[in-house]
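Each chain, written out:
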Amino acid sequence: MTAAPPHPAERVPHFLGTAATEDGAGVDYAALRASRRRRVLEAMADAGIDALVLGRYPNIKYVTGHRSLWRAVLTPTAPVCVLVRSTGQVWLQASTWDDGIPPEVPHANLTGLTWNPRTVVGALQGVDGLAGARKVAADGVAPSGTVLLSLLCPDAEVLDAQPLLDAVRRVRTDVEVHCIRTALAMAEGAVVDVGRHAVAGADEQALKGRAAKALVRFGPVILASEPVVRATPTERGPRSSPDTPPLALRPSARPLSAGDLVATRVEVLHTGYLGSVARTWVVGPGGGVVPDGADDAGSGAQALWARWRRAAGAVVAACRPGATPDTLLAAWDGSGEPRPGLPVVVGVGHGVEPPVVGGTFATTDGDDTALEVGMTLCVQGYVWEPGVGGYLASETVRVTNQGPELLTRLPGGLVEPA
Amino acid sequence: MVAAGPGSLDLARMRHQRMAKLQANMAERGLDALVLLTSGGVLYATGAWTPLADTGQTLRLRPVAMVVAGDPCPHLFTPYVEDAPDDLPADHLHRALRPDRATGAEELGHQLKDVFGGTPSVVGVDDYTVPMWEVLPPLLAPAELTNATALLTAARLHKTADEQECMRRSWALCEEAHRAVEEALRPGLRTSDLSAIFLGRLFEAGATGNFLDPVFQAMPERLDEGPWSTNGDVPFALVTNDHILRRGDVVWTDCVTSYEGYASDVGRTWVVGEPTRRQRELFARWKEVTDAVLGRVRPGATGVELTSAAVEANGGTAPWLDHYFLAHTLGLEGGEPQRIGSDLGPEFDERFTLEPGMALVIEPVTWEDGHTGYRCEELVLVTDDGYEKVSAYPNRPFE
């Protein structure tokens, strides 16, 4: 028996860039959307859920592939998207145009922007299959939303949709990893562009603008977060904890000085997938340099990089099937470095996904699910030395049976220079 | 750096005065505590800077605020402890919560009891994760959980002098970034290139954040050249693409940026090249409409007075987009719920009365199929006897 040829959604188009091609080569996004939605519908069937009522964009993006206007704002949860299991149909509220709407969502399932709650109710009442639902999963409930749900599906039990969607999204196909790689390439380009201009006298705000400009040069992409360009502190600040290496992210007004260690983090969404890259530039006369064993980065930076590699490298090495959040944190702790304020590991997909390991939280993630083959994670480490500064860098990895596969490709991380 | 305007600004005073307003609104409504999850609610209560990000990030790494009646300082639970405001007492600054998890929602309830010193009787909440919705009512029983949205809307509607200064600066920075884009506008650039120029200059000039994917949309000349729509009106604002600009393209902009959380909302109309005679006429009508509306802006004027003036100046039809509105109030993060001429209908507009301290964005649109149209946004602050016009972007080359 010969194995069946890979489904189009599983073929990975390397070295093609992001262009739409006349021969259809490249990522088959229709197949990718269909495969994601199929996984969601299967999970709904397993859990006996009749309909998903979604208001959070990462979930909506995963389920529908809707290319929507991006806002960096968390408003009260509104029921924007409904997926009905019996029909497999998607309904999108507040979508006045079919621009950005995948063709499998018919015009009849779109309703326009509205500011009137009565219109929202009316539109949702028109969703076939919602009124009779017995089990509905939602990803949030606005204070007024409880009334809304009881009005729309009076007989339904309402569950949390997030664990279901998190579980579906946990493992990424090769095509999804390809999208993440493309996003990483964009972020790497922007991090390098910041480095080229990290000279004495440069302004952190201006470099942040440069990072944003470098990213959008790649076309219609979304900044997943504001770029971070910030000289790391050489002493603890008033807000620093004695147990945590100090790091503020907001740009300061102080111009960069020679020898500053400048934490740089760029995060971008390409077709919804996150590329997150952090490196620390040492400010030099010809631009920033990353420590790579050569002398020009200074011995303090070289020593910090070595410490970062020991700690973050141990975490990356621990990113294997079966590892739990505790295993990953233990790997960091084993290096003897104090835990950073930022999470040491986050899942990478449509933005940040579980597990969120470490970080300045009052409780643990609460998700102790072991790592599986196909998960993608961002390992982000930060180490600090009084009088010298700090070193922030990240590596995005894929969990495989052969061990962690590094997806980030930039000096100053775990990749040894040639 | 851009000259940020002559006004003085005291951020600590601004935070203090906002908290006083929250407290007054809580007292009026009989609330003992607030639990705030929306980014605007947290910003208003705490003024805490966080990196503005996609909700795919902020849902997992989010600040939460709690306000206790009688306590002049908010409690901030944040993953970005070292970026918290200097004047927030250390015992009001806490590790981040995870309200999206069952354990995190429980912890949120326990923290509320801790900072309150017991179980409050009436708690205002501005959004729930599903775990919060399941966990909080039994955990906080017999507390009454109420909707904090109206309270926040009321507190945010009138701007203090410091808030007004933030809005002037925010608008000036967004206009500065617009100037950089307009100077670069030429055939052969992609509309996404305009976004790149915009963001580069915006941060360089000193804006503290960006709330919206910057819109630089090349407009179809006719509606039937645009995408299908539910209402048949002008398709705006669409998602950024990489349309390559050509001579004669009309570009509408819509950019919402931040200065200390306060939004600009600059929208302009540009032409790659020179406007046609008909396009100048569309501008002239837009100007007549805008002047007619501005002529009515003063304390006591109702929303209906503004819409009526606009309709009259436009010869009897509504000169704004069917899916939007003629005007809206502005504050933290962008547009506020007071929208004049929206599908809430004239009943809302009749009830809505302008008062000193409100910030109002007026965004009339004129359109003639085959010639595109003219749309710009103007910001005014309502004063004791009229208004102060904040927006100052020129309308050349249409004038």
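Definitions and cut-offs
- Residues numbered from 1 in each chain as written.
- Chains lettered and ligands numbered in written order.
- Predicted model: local features only at pLDDT ≥ 70, side-chain atom pairs only at ≥ 80, totals over all residues.
- Heavy atoms only, no water.
- Contact = heavy atoms within 4.5 Å.
- Buried area = accessible area lost by both parts, 1.4 Å probe.
- Salt bridge = Lys/Arg side-chain N within 4 Å of Asp/Glu carboxyl O.
- Helix = DSSP H or I, 4+ residues; strand = E, 2+ residues; numbered from the N terminus.
- Buried < 20%, exposed > 50% of the residue type's maximum accessible area, 1.4 Å probe, protein only.
- Axes fitted to C-alpha atoms, helices over the stretch in contact; angles between N-to-C directions.
- Parallel < 35°, antiparallel > 145°, perpendicular 65-115°, else oblique.
- Left-handed = near helix turned anticlockwise from the far one by under 90°.
- Nonpolar A, V, L, I, M, F, W, Y, C, P; charged D, E, K, R; others polar.
- Pairing = 2+ DSSP bridges.
- 1 Å grid on protein atoms, 1.4 Å probe; cavity = no way out; pocket = protein on both sides within 12 Å on 5 of 7 lines; lining within 4 Å.
- Points joined across faces, edges and corners; volume = space filled by probe spheres on them.
- pLDDT = per-residue confidence, 0-100.

### Notes on the interface of chain A and chain B
Each partner contributes to the interface: chain A provides 89 residues, whereas chain B provides 91 residues. Together chain A and chain B conceal approximately 7,500 Å² of surface at their shared face, both sides included; 58% is due to carbon and sulfur atoms. Ranking the residues of chain A by area buried against chain B places A:Leu74, A:Trp115 and A:Arg239 at the top, with a combined share of 13%. Taken together, chain A and chain B are joined by four salt bridges. Among the ionic pairs, A:Asp166 bridges to B:Arg101, the shortest N-O distance being 3.8 Å. If you list the elements that add at least two residues to the side of chain A that touches chain B, you get helix H2 (57-64), helix H3 (117-125), strand S5 (157-160), helix H5 (162-169), helix H7 (204-216), strand S6 (222-223), strand S8 (261-270) and strand S11 (351-358) of chain A.

### Points about the side chain of A:His350
On the secondary structure map, A:His350 appears in the loop between strand S10 (343-349) and S11. You can call A:His350 buried: its relative accessible area is 2%. Not counting residues within four places of it along the chain, the set of residues in contact with A:His350 comprises A:Arg36, A:Pro58, A:Lys61, A:Tyr62, A:Arg169, A:Gly272, A:Tyr273 and B:Gly56.

### Things to note about the packing of H2(A) against H5(A)
Residues and elements named next belong to chain A. Running from amino to carboxyl end, H2 crosses H5 at an angle of 55 degrees, the nearest separation of the two axes being 11 Å. Of the possible angle classes, the one that applies to H2 and H5 is oblique. Crossing angle aside, the handedness with which H2 passes H5 is left-handed. Side by side, H2 and H5 meet where Pro-58, Asn-59, Tyr-62 and Val-63 of the first sit next to Gln-162, Leu-165, Val-168 and Arg-169 of the second. Split by residue class, the contact of H2 with H5 holds five nonpolar, two polar and one charged.

### Things to note about the pattern of salt bridges
Applying the stated rule across the entire model yields 48 salt bridges over all chains. A salt bridge links A:Glu405 to A:Arg398, with the nearest nitrogen and oxygen atoms 2.9 Å apart. Among the residues examined, A:Glu405 registers a relative accessible area of 24% and is labelled partly exposed. A salt bridge links B:Glu274 to B:Arg280; its shortest N-O distance comes to 3.6 Å. Overlapping salt bridges, with partners in common, bring together A:Asp166, B:Arg60, B:Asp100 and B:Arg101 in one network.

### Some words on the sheet that holds strand S8 (residues 215-218) of chain B
Residues and elements named next belong to chain B. Pairing within the open sheet is antiparallel, and its three strands lie in the order S8-S9-S12. Each edge of the open sheet is held by one strand with a lone partner, namely S8 and strand S12 (269-271). Strand-to-strand, the axes of this sheet are offset by a mean angle of 25 degrees, without reference to chain direction. Bridge analysis of strand S9 (residues 250-254) against S12 gives three bridges, and the strand direction is antiparallel. In the strand pairing of S12, Val-251 is matched with Trp-270. Helix H8 (residues 191-205) contacts S8 and S9 of the sheet and is inclined by roughly 155 degrees relative to S8.

### Some remarks on empty space enclosed by the protein
Residues and elements named next belong to chain B. Considering all chains together, one arrives at five cavities of 30 Å³ or more under this definition. The computed volume of the largest cavity comes to approximately 370 Å³. Lining the largest cavity are 32 residues; nearest its centre among them are Leu-43, Ala-48, Trp-49, Thr-50 and Leu-52. Elements with a minimum of two residues in the lining of the largest cavity: helix H1 (11-29), helix H2 (39-46) and helix H3 (55-58). Along the lines of polarity and charge, the residues of the lining of the largest cavity split into 16 nonpolar, nine polar and seven charged.

### Comments concerning the environment of B:Gln23
Take B:Gln23: it is sitting in helix H1. Along the backbone, B:Gln23 and B:Cys376 are 353 residues apart, and their C-alpha atoms lie at a distance of 37 Å.

### Concerning the confidence of the model for chain B
All names here are of chain B. Mean pLDDT over chain B: 96, with 98% of residues reaching 70 or higher. When the criterion is pLDDT under 50, residues 1-5 qualifies, and its contacts beyond four places in sequence or with other chains add up to 10 contacts. What the predictor reports for the complex is a pTM of 0.96 with an ipTM of 0.95.

### Examining the pairing of strand S14 (residues 335-340) of chain B
Residues and elements named next belong to chain B. Relative to S14, strand S13 (residues 327-330) is paired through three bridges, and the arrangement is antiparallel. In the sheet register, Leu-330 faces S14, and the bridge partner there is Gly-335. Connecting the antiparallel pair S13 and S14 is a turn made up of four residues, with Glu-333 showing a positive phi of about 70 degrees.

### Concerning the packing of helix H4 (residues 102-116) of chain B against helix H5 (residues 130-140) of chain B
Residue and element names in this part refer to chain B. Between H4 and H5, the least distance of the axes is 9 Å, while the angle of their chain directions is 40 degrees. With respect to their mutual orientation, H4 and H5 come out oblique. Considering how the two elements wind past one another, H4 and H5 form a crossing that is right-handed. Seen from H4, the contacting residues are Ala-102, Ala-105, Glu-106, Leu-108, Gly-109, His-110, Leu-112 and Lys-113; seen from H5, they are Pro-131, Met-132, Val-135, Leu-136, Leu-139 and Leu-140. For the contact of H4 with H5, the per-class residue count stands at 10 nonpolar, two polar and two charged.

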